[in-house]
Amino acid sequence: MLNLIIFGPPGAGKGTQSERLIENHGLCHISTGDLFRWHTKNDTELGQKVKEIMDSGQLVSDDITIAMLKEEVEKNPDAKGFLFDGFPRTVDQAKALDSLMESMGSKIHSVIELKVTEEEVRQRIAKRKELENRVDDASDKLDRRIKEYFTKTVHVLPFYKEQGRLTTVNGIGDIDDISKEIDKTVSALEV
């Protein structure tokens, strides 16, 4: 089983690159953002809590997020591996994810960081907002999410770097070239 985390600010291209990793390596994609939106859309008990938190522009609690992740992993017992997107955002969450995977007899093998500047992120999200009109792309909420990433979330990367599990890829440029760089990392893990 191969378990990866794709990491980067909002608008870094995590969704696009995740789709390619899933297709090329047969991984099961677990996006906390997608999980939050699904639970909210389906008005589950967790979804009601998530909606209230997301509407205020805050981050969903670790307990709720870990519960959702565990449920998703358990739904896919025959998966070749998992690609986590949007989690962890703190060192405590990284440790919680490691504990979750260990309790399931596995681990996180590598973290792939898509390095993108704040300016590039803002341009991409402006385009995405026009096309998709996502609630979490509203300017006030987006400002909070970008600030959260660049002032807090980015600090989880040294945790993985110290363990030799971090690979940084330039997330600006041709989508195919970015995919090839990511595939090099993943292919080396599969050997």
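The model shown is predicted, which means the values in this text are computed figures rather than measured ones.

So, the packing of aromatic side chains
Item 1. According to the stated counting rule, one finds 4 aromatic pairs in the structure shown.
Item 2. Ring centres 5.1 Å apart and planes at 85° place the aromatic pair Tyr149 and Phe150 in the edge-to-face group.
Item 3. Aromatic side chains Phe159 and Tyr160 sit 5.1 Å apart centroid to centroid with 80° between the ring planes, which places their arrangement in the edge-to-face category. Assigned by exposure class, Phe159 and Tyr160 land together as buried.
Item 4. Three or more aromatic residues joined by ring pairs make a cluster, and in this case those are Phe7, Tyr149 and Phe150.
Item 5. Across the ring face of Trp38, the terminal group of Lys75 is positioned such that the distance to the ring centre comes to 5.6 Å.

Focus on the nonpolar core
Item 1. Residues Ile5, Leu69, Phe84 and Leu97 are the most contacted members of the largest nonpolar core, which totals 27 residues.
Item 2. The set of elements that each furnish at least two residues to this core consists of β1 (2-7), β2 (28-31), α2 (32-41), α4 (62-75), β3 (81-85), α5 (91-103) and α8 (157-162).
Item 3. Those residues in contact with Leu69 that sit more than four places away from it in its chain are Ile30, Thr32, Leu35, Phe84, Phe87, Leu97 and Leu100.
Item 4. Listed in part, the 18 residues of the second largest apolar core include Ala12, Leu21, Leu142 and Ile146.

What to know about α2
Think of an α-helix as 3.6 residues a turn; residues three or four steps apart then line up on the same face.
Item 1. Looking at α2, one finds that the buried residues are Thr32, Gly33, Leu35, Phe36 and His39. Buried residues along α2 cover an arc of 165° about the axis, so they all sit on one side.
Item 2. On its buried face, α2 is in contact with β2, α3 (45-55), α4 and β3.
Item 3. Where α2 starts, the residue carrying a side-chain oxygen 3.1 Å from the main-chain nitrogen of Asp34 turns out to be Ser31.
Item 4. Once α2 finishes, Asp43 follows within two positions and takes phi at roughly 50°, a positive value.

Some words on the packing of α2 against α3
Item 1. At a minimum axis separation of 7 Å, α2 and α3 run at an interaxial angle of 115°. Considered as vectors, α2 and α3 are oriented roughly perpendicular to each other. Where α2 crosses over α3, the handedness of that crossing is left-handed. Residue-level inspection shows Phe36, His39 and Thr40 of α2 in contact with α3, the latter providing Leu46, Gly47, Val50, Lys51 and Met54.
Item 2. Class assignment for the residues of the contact of α2 with α3 results in 4 nonpolar, 3 polar and 1 charged.

Cut-offs and rules
Residues numbered from 1 in each chain as written. Predicted model: local features only at pLDDT ≥ 70, side-chain atom pairs only at ≥ 80, totals over all residues. Heavy atoms only, no water. Phe/Tyr/Trp six-rings, centres within 6.5 Å; stacked < 30°, edge-to-face > 60°. Buried < 20%, exposed > 50% of the residue type's maximum accessible area, 1.4 Å probe, protein only. Lys NZ or Arg CZ within 6 Å of the ring centre and 35° of its normal. Core = buried A, V, L, I, M, F, W, Y, C linked by side-chain atoms within 4.5 Å. Helix = DSSP H or I, 4+ residues; strand = E, 2+ residues; numbered from the N terminus. Contact = heavy atoms within 4.5 Å. Arc of directions from axis to C-beta. Polar contact = N/O pair within 3.5 Å; in protein donor to acceptor, adjacent residues only side chain to side chain. Axes fitted to C-alpha atoms, helices over the stretch in contact; angles between N-to-C directions. Parallel < 35°, antiparallel > 145°, perpendicular 65-115°, else oblique. Left-handed = near helix turned anticlockwise from the far one by under 90°. Nonpolar A, V, L, I, M, F, W, Y, C, P; charged D, E, K, R; others polar.

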